[in-house]
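Chain by chain, the residues:
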Amino acid sequence: MKKYIFIVQDSHLKLGLFEDLKQVENVEICKISEREINNPALRLLKRIHCSWTINKHLKLPFRRLWYNKVKINIEEDCENFIVVVDIGLKALSTKMLKNIFSMSNVNSTLMFINSYDAASIGMLEIKDKVHKIHWDKIMTFDPHDAKKYGWMYMGTCYYSMHSKNEIQSKYPSTTASEAYFIGGIKGNRERLILEVFEWLKSNGVNVCFNLMVSGKKRFETKKFEGVINYYGGRDWIPYEQVLASVLNTNVIIEVLQENQEGPSLRYYEAVCYNKKLLSNNRNLSDLPFYDPRYMKYFDKYEDIDIEWVKSREKINYSYDGSFSPSNLIKLL
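Residues numbered from 1 in each chain as written. Predicted model: local features only at pLDDT ≥ 70, side-chain atom pairs only at ≥ 80, totals over all residues. Heavy atoms only, no water.

### Brief notes about helix H9 (residues 239–247)
Note the following rule: Throughout, exposure labels follow a simple rule: accessible area from a 1.4 Å probe, protein chains only, divided by the maximum for the residue type, with under 20% read as buried, over 50% as exposed, and the rest as partly exposed. Counting from the N terminus, the helices are DSSP H or I runs at least four residues long and the strands are E runs at least two residues long. In what follows, a contact means two residues having at least one pair of non-hydrogen atoms within 4.5 Å.
Of all nine residues in H9, seven are buried, a share of seventy percent or more. Taken together, the buried positions of H9 are Tyr239, Val242, Leu243, Ala244, Ser245, Val246 and Leu247. At its buried positions, H9 is contacted by helix H1 (10–14), helix H7 (164–170), strand E7 (177–184), strand E10 (249–254) and helix H10 (265–272).

Listed below in structure tokens is the structure:
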């Protein structure tokens, strides 16, 4: 008998990425979440203790104490496959993982659904831990990382499709657009995002752009504020609301972080919900369901064909469910 334990960050669960796994036999999902802090003084202490500005120069110990304790239930009479999903690693004790992974009936996997060399803070925070632990397997969604580090390429099986009817009934009055973007200002992509916005807007495209800002960026002047929706981490936009905007747009825009070569969620959304995709992913044509009629690559904002963005076609990628994380079980 086999048991599969996925240890997943709360933010990934809010996106519903692993929802399909709840229907798979012998799968247990352990959520990593931050502790609820109501005391203002403790909240300030936490911000200082966990500040990346400080920790990139001097790594402060015991930051994982700000997370709720994760209980991993190992069953003695079966083979246990434990999968830690990338940034969830920052909340786990290296000593605890080493003890668990030393058991003869435990198989350990580290799974990356973020690019290892991307400049996002979450990935920078876990890099010092990755190589302190012996993993039976390291899997990645990024083909470049797989080649560079000799890890297993897992393909595109980590996205659970949501119900269109449920999304539309929950957010019936979502504003329509011709081009839609949502994402954080991270990974050295802010300039390109704003250039794309300005190019589309100046050419009469009805755009809807949402940019999440964090850290010191919150206090900086925001170009196009009032036209672009800038929001902070505490103002998290529910993922079903994002999908409502996806269903009401003509073109989804994907701008990857620097050094990322695997697709973002925007690619999965385009395929699952039959939308055009405008992407700076140079590996776009290698991805499953790629269709040059409905997916366009751009390197610079000037590459974007305005008429293509505005034109409407009936799109059908014939999605077959192959993105579902239930396919991960075969790889494990």
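### Regarding the nonpolar core
Defined as follows: The nonpolar core is taken to be a set of buried Ala, Val, Leu, Ile, Met, Phe, Trp, Tyr and Cys residues, with the residues joined through side-chain atoms within 4.5 Å.
Among the nonpolar cores identified, the biggest contains 50 residues, and Phe6, Phe18, Met111, Tyr159 and Tyr267 are the most heavily contacted of them. If you list the elements that add at least two residues to this core, you get strand E1 (2–9), strand E3 (79–85), E7, H9, H10 and helix H12 (328–331). Once residues lying within four places of it in the same chain are set aside, the contact partners of Phe18 are Val8, His12, Ile29, Val85, Met111, Ile113, Ser160, Pro325 and Leu328. Grouped together as the second largest cluster of nonpolar side chains are 27 residues, Ile5, Ile7, Cys30 and Phe112 included.

### Some remarks on the sheet that holds E10
Put simply, the rule is: We call two strands paired when DSSP finds no fewer than two bridges between them. Here the axes come from fitting lines to C-alpha atoms, over the contacting stretch only for helices, and the angles between their N-to-C directions go from 0 to 180 degrees.
Read across the open sheet, the six strands follow the order E9-E8-E7-E10-E11-E12; overall the sheet is parallel. Both outer strands of the open sheet, strand E9 (229–232) and strand E12 (295–297), are each paired with one neighbouring strand and no more. The average undirected angle you get between the axes of adjacent strands in this sheet is 20°. On the sheet, helix H8 (residues 190–202) packs against E7, strand E8 (207–213), E9 and E10 and is oriented at approximately 160° with respect to E8.

### With respect to the sheet that holds strand E5 (residues 137–140)
Read across the open sheet, the six strands follow the order E2-E1-E3-E4-E5-E6; overall the sheet is parallel. Lying at the two open borders of the sheet, with one neighbouring strand each, are strand E2 (27–32) and strand E6 (152–153). Pairing between E1 and E3: six bridges, direction parallel. Looking at the pairing, Lys2 lines up with Glu79 of E3.

### A short note on the pairing of E8
As a reminder of what qualifies: With its strands directed away from the observer, a crossover is right-handed exactly when the path from the first strand over the helix to the second travels clockwise.
The buried fraction of E8 amounts to five of the seven residues, a majority that puts the element mostly inside the structure. Note that E7 and E8 share six bridges and pair parallel. Bridging across to E8, Gly183 finds its partner in Leu211. On the question of chirality, the crossover connecting E7 to the parallel E8 by way of H8 is right-handed. In this structure, E8 lies alongside E9, joined through four bridges in parallel fashion. Residue Leu211 lies in a different strand from E9, and its bridge partner there is Tyr230.

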